[in-house]
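# Structure at a glance
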Amino acid sequence: MTENELLEHARQGDHRAFQSLVECFQQPIATVVKGILGDCAEAEDVGQEVFIRFYKSMHQFNGKSTLKTYLTCIAINLSLNELKKKKSFLSINNGELQNTFMVQQADSSKFEDQELIDNALNLLPYKQRSIVVLRLMQGYSVKETAIILKIPEGTVLSRLSRAQETLQRILRPLITVML
Amino acid sequence: MIKKLKKLLIKLYDNNLSHKDQEELPNGFAAFPELAQEKEELSSLIQVLQKRNYSFQPGFSEKIMRKIESVSYFAIPDPREYFEAQLNLLFRWVAPAGAAVIIIFLISLYLTQGSISVNAITGIDNLTFNDAITLSFYNY
């Protein structure tokens with residue numbers, strides 16, 4: 001069944017069709033949510049909330065965007081809300097986190113690649129992080145990223161440029177292996 | 001020139017290059033090696049980031065289904081209940097606006113007339129209840 005057929009069945013109350021939709025889209029949504037929030041318990045909760053919100057609003061989905069983009073919008077909004085809730089905590093601990101990371105980075109062999117990527121993403125301000133996740137990890141175009149985040153394309157490009165500089169600096173060991 | 005090439009580079013990653021752009025880009029890379037280097041580094045960064053495969057814990061979809069079923073989201077909403085809910089929602093917006101208008105009216109009345117009595121509202125002195133009834137019928 002195609003995603004549109006699954007959606008139609010789900011709208012008529014078919015549990016299995018809805019579950020199939022969840023299974024189809026859980027990976028890209030995990031990338032968005034965990035890319036922004038990190039691989040933590042809150043990210044699992046936010047991921048579940050994304051699909052519950054989608055369930056509640058699927059009758060309003062009009063097909064103007066793809067289903068993946070629609071779910072990504074919900075995921076971005078919920079993830080950024082969750083980040084704002086944690087913001088006060090992060091602002092207190094960010095300096096400490098950064099110092100710890102820099103010490104650990106000096107011996108990057110201790111880090112698995114995935115941990116290095118997670119930490120690099122965590123060091124980005126959340127506005128840049130959401131752009132990196134959409135543009136570089138999910139492959140959305142600049143225009144699509146701007147629409148999803150409701151910001152001008154110029155802002156996407158400037159934040160992306162700053163984020164790239166930071167990531168290229170931190171992920172240098174991994175990038176040079178690729179080059 | 002370099003600005004134009006940077007724009008082309010963005011278009012390249014958007015998969016939005018025209019035929020003419022595709023011909024122009026290699027020449028640009030040849031003329032500006034630093035741009036070619038930038039492209040390589042960006043491509044590598046994208047590869048590195050896309051290597052990070054995030055996934056939810058096993059049983060994720062089952063957990064969602066259990067949650068949805070436990071709060072009976074699957075129940076098809078009754079049109080009457082839906083209408084009432086919408087009406088309630090509308091009332092929450094209309095009621096404070098109406099109350100605000102009434103309060104503003106009473107304040108302005110008090111400021112202009114020095115009172116908020118029935119006489120001040122109707123603009124007629126010494127109006128009795130019977131007069132008010134008679135006046136309202138008189139209009140018909």
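This text gives an overview of the structure that appears in the document. Predicted model only: the values in this text are computed from it and were never measured.

## Let's talk about the overall build of chain A
For chain A, the count of helices and strands is 9 helices and 0 strands. Taken across its 179 residues, chain A has 49% of its residues classed as buried. Here the contacts in chain A between residues at least 6 apart in sequence split such that 62% fall between residues at least 24 apart. When the accessible surface of chain A is split by element, carbon and sulfur atoms take 50% of a total near 8900 Å².

## Quick look at the overall build of chain B
In terms of helices and strands, chain B carries 7 helices and 0 strands. Going residue by residue from the N terminus, the α and β elements of chain B occur as α-α-α-α-α-α-α. The buried share of chain B, reckoned over its 140 residues, is 23%. Residue pairs in contact within chain B that sit at least 24 positions apart in sequence constitute 33% of those at least 6 positions apart. Here chain B displays about 10500 Å² of accessible surface, and carbon together with sulfur accounts for 61% of that area.

## A few points about helix H8 (residues 153-170) of chain A
Because an α-helix packs 3.6 residues into every turn, residues spaced three or four apart end up facing the same way. The first and last C-alpha atoms of H8 of chain A sit 26 Å apart over 18 residues, in line with the 26 Å expected at 1.5 Å per residue. Within H8 of chain A, burial applies to Val 156, Arg 159, Leu 160, Ala 163, Gln 164, Thr 166, Leu 167, Gln 168 and Ile 170 of chain A.

## Re the packing of helix H2 (residues 15-37) of chain A against helix H6 (residues 126-137) of chain A
All names here are of chain A. Contact geometry for H2 and H6: axes closest at 9 Å, N-to-C directions at 145°. As for how H2 packs across H6, the hand of that crossing is right-handed. In contact with Thr 31, Val 32, Gly 35 and Ile 36 of H2, H6 contributes Arg 129, Ser 130, Val 133 and Met 137. Taken together, the residues that form the contact of H2 with H6 break down as 4 nonpolar, 3 polar and 1 charged.

## Quick look at a nonpolar patch on the surface
Residues and elements named next belong to chain B. On the surface, a cluster of nonpolar side chains totalling about 890 Å² of accessible area is made up of Ile 102, Ile 103, Phe 105, Leu 106, Ile 107, Tyr 110, Leu 111, Ile 116 and Ile 121. When residues of the nonpolar patch are assigned to their parent elements, the largest contribution, 7 residues, is made by helix H5 (residues 79-113). On the secondary structure map, Phe 105 appears in helix H5.

What counts and what doesn't
Residues numbered from 1 in each chain as written. Chains lettered and ligands numbered in written order. Predicted model: local features only at pLDDT ≥ 70, side-chain atom pairs only at ≥ 80, totals over all residues. Heavy atoms only, no water. Helix = DSSP H or I, 4+ residues; strand = E, 2+ residues; numbered from the N terminus. Buried < 20%, exposed > 50% of the residue type's maximum accessible area, 1.4 Å probe, protein only. Contact = heavy atoms within 4.5 Å. Areas by Shrake-Rupley, 256 points an atom, 1.4 Å probe, with all protein chains shown as cover. Expected span 1.5 Å × (residues − 1). Axes fitted to C-alpha atoms, helices over the stretch in contact; angles between N-to-C directions. Left-handed = near helix turned anticlockwise from the far one by under 90°. Nonpolar A, V, L, I, M, F, W, Y, C, P; charged D, E, K, R; others polar. Patch = residues over 30% accessible without salt bridge, like charges linked within 9 Å, V, L, I, M, F, W, Y side chains within 5 Å. Salt bridge = Lys/Arg side-chain N within 4 Å of Asp/Glu carboxyl O.

Interpretation note: all reported values are geometric properties and have no functional meaning in isolation.
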